[in-house]
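The chain contents come next:
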Amino acid sequence: MTDASEFTFIARTDEVEAGYALQVAVDGREPVAVVRLDDGFYVMDDTCTHGAASMSEGEVIGCEIECPFHSGRFDVRTGAVTAFPCTKALKVYPVKVEGDQVFAALGAGTCADDATTG
Ligand code: FES
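Procedures and definitions
- Residue positions are counted from 1 within each chain, in the order its sequence is given.
- Side-chain atom pairs in this predicted model are given and counted only at pLDDT of 80 or more, local residue features only at pLDDT of at least 70, and totals for whole chains, interfaces and linings cover all residues.
- To obtain the side-chain values, all non-hydrogen atoms of the structure were included, while hydrogens and water were left out.
- Strands are treated as partners if at least two bridges between them are detected by DSSP.
- Secondary structure is summarised from DSSP: a helix means a run of H or I of at least four residues, a strand means a run of E of at least two, and numbering begins at the N terminus for each.
- Only buried Ala, Val, Leu, Ile, Met, Phe, Trp, Tyr and Cys residues count toward a nonpolar core, and they belong to the same one when joined by side-chain atoms within 4.5 Å.
- To sort residues, take the accessible area from a 1.4 Å probe on protein chains only and compare it with the maximum for the residue type: under 20% means buried, over 50% means exposed, and anything in between is partly exposed.
- Contacts: residue pairs with any heavy atoms within 4.5 Å of one another.

1. Here's the deal with the sheet that holds strand S12 (residues 110-111)
Then step 1. Pairing in this open sheet of 5 strands is antiparallel, and the strands run S2-S3-S4-S9-S12 from one edge to the other. Edge positions in the sheet fall to strand S2 (21-24) and S12, since each of these pairs with one other strand and no more.
Then step 2. Strand direction decides the pairing type here: S2 and strand S3 (residues 32-37), joined by 4 bridges, are antiparallel. Looking across to S3, one finds that Leu22 is bridged to Val34.

Shown next, in the form of structure tokens:
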């Protein structure tokens, strides 16, 4: 059973190159993507909300990640949609860095859609 506050090892910091997303396979669930921006590491679902694309194969542009299939975009920090044709946010996860290791609370993901009303 997964505790929402439980952190899962995602990657070593030196495995995540700035400006690129790294796909990480996680036991028992869909893979996640980890992105390194100037202000830290961000972990999100790797599968686009518009189709079966791997976001980690897309391009990181500033603080956005672009889907390789139809060029929909999301804000890496919040998962919010920033470009059509995506309309549903990506789920993002709380991250902590300890030493040279990146962890994410995969039971505590949030979706920018959850915060919007109407
Ligand atoms: S599958 Fe990602 S934008 Fe269409």
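Next comes the rest of the description.
2. Thoughts on the nonpolar core
Then step 1. By size, the foremost hydrophobic cluster in this structure holds 17 residues, and its most contacted members are Val35, Met44, Cys48, Met55, Ile65, Phe74 and Val76.
Then step 2. Considering each element in turn, this core owes the most residues, 3 residues, to S3.
Then step 3. The residues touching Met55, leaving out its near neighbours within four places in the chain, are Ala21, Asp45, Asp46, Thr47, Cys48, Ile65, Glu66, Cys67, Pro68, Phe74 and Leu90.
Then step 4. Core analysis: the second largest hydrophobic core is formed by 13 residues, Ile10, Tyr93, Val102 and Leu106 among them.

None of the figures reported here should be taken as evidence of function without further support.
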